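So you can see what is in the structure, the chains are spelled out below.
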Amino acid sequence: MSDADDWPHDPDGEEGSEGRRKYGHAVLAKKIDEEEDFPLTAEEYVADYGDHPVRISHEQVASVEEIFEHVEKEEFADFVEFHETLGEVMREHGYWFYEGAEQFVDA
């Protein structure tokens, strides 16, 4: 597990996961404005937030850049597309530890 000193801000602080109230996917989504930031490219997002920490679980923190290494889509037309793509990538690559997530996605 990373130390908070390894990041530009504390993964559990107000700039990170809001005092551990937000994990993973929610942290990624809250960095953008649904109305103003689209279309959005993956390159733009990583340039702005790549070194930011994302708490994946109580034991794991990953950088935005690390998660986006698995994103093949170059541009997101809207918030829904961003959300769906990141959710799929996170589930496929071990960045999603929410219990019961399978009930919300198609098999």
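Quick look at the structure, then. Remember, predicted model here, so these are calculated numbers, not experimental data.

### Description of the packing of aromatic side chains
Going through the model one piece at a time under the given rule, you end up with 7 aromatic pairs. Here the aromatic rings of tyrosine 45 and tyrosine 49 are separated by 5.1 Å at their centres, their planes lie at 55°, and the arrangement is tilted. In this pair, tyrosine 45 and tyrosine 49 are both assigned in helix α2 (residues 42-49), 4 residues apart and thus about one turn of the helix distant. The exposure class of tyrosine 45 is buried, given its relative accessible area of 1%. Both rings, one in tyrosine 45 and one in phenylalanine 82, keep their centres 5.2 Å apart while their planes meet at 55°; by these two values the pair is tilted. Of this pair, tyrosine 45 sits in helix α2 while phenylalanine 82 sits in helix α4 (residues 79-92); the two residues are 37 residues apart in sequence, bridging distant segments of the chain. Phenylalanine 82 shares its class with tyrosine 45; the two are buried. An aromatic cluster of three or more residues is present, and its members are Phe38, Tyr45, Tyr49, Phe68, Phe76, Phe79 and Phe82. The ring of tryptophan 96 carries arginine 91 above its face, with NZ or CZ at 5.0 Å from the centroid.

What counts and how
Residues numbered from 1 in each chain as written. Predicted model: local features only at pLDDT ≥ 70, side-chain atom pairs only at ≥ 80, totals over all residues. Heavy atoms only, no water. Phe/Tyr/Trp six-rings, centres within 6.5 Å; stacked < 30°, edge-to-face > 60°. Helix = DSSP H or I, 4+ residues; strand = E, 2+ residues; numbered from the N terminus. Buried < 20%, exposed > 50% of the residue type's maximum accessible area, 1.4 Å probe, protein only. Lys NZ or Arg CZ within 6 Å of the ring centre and 35° of its normal.

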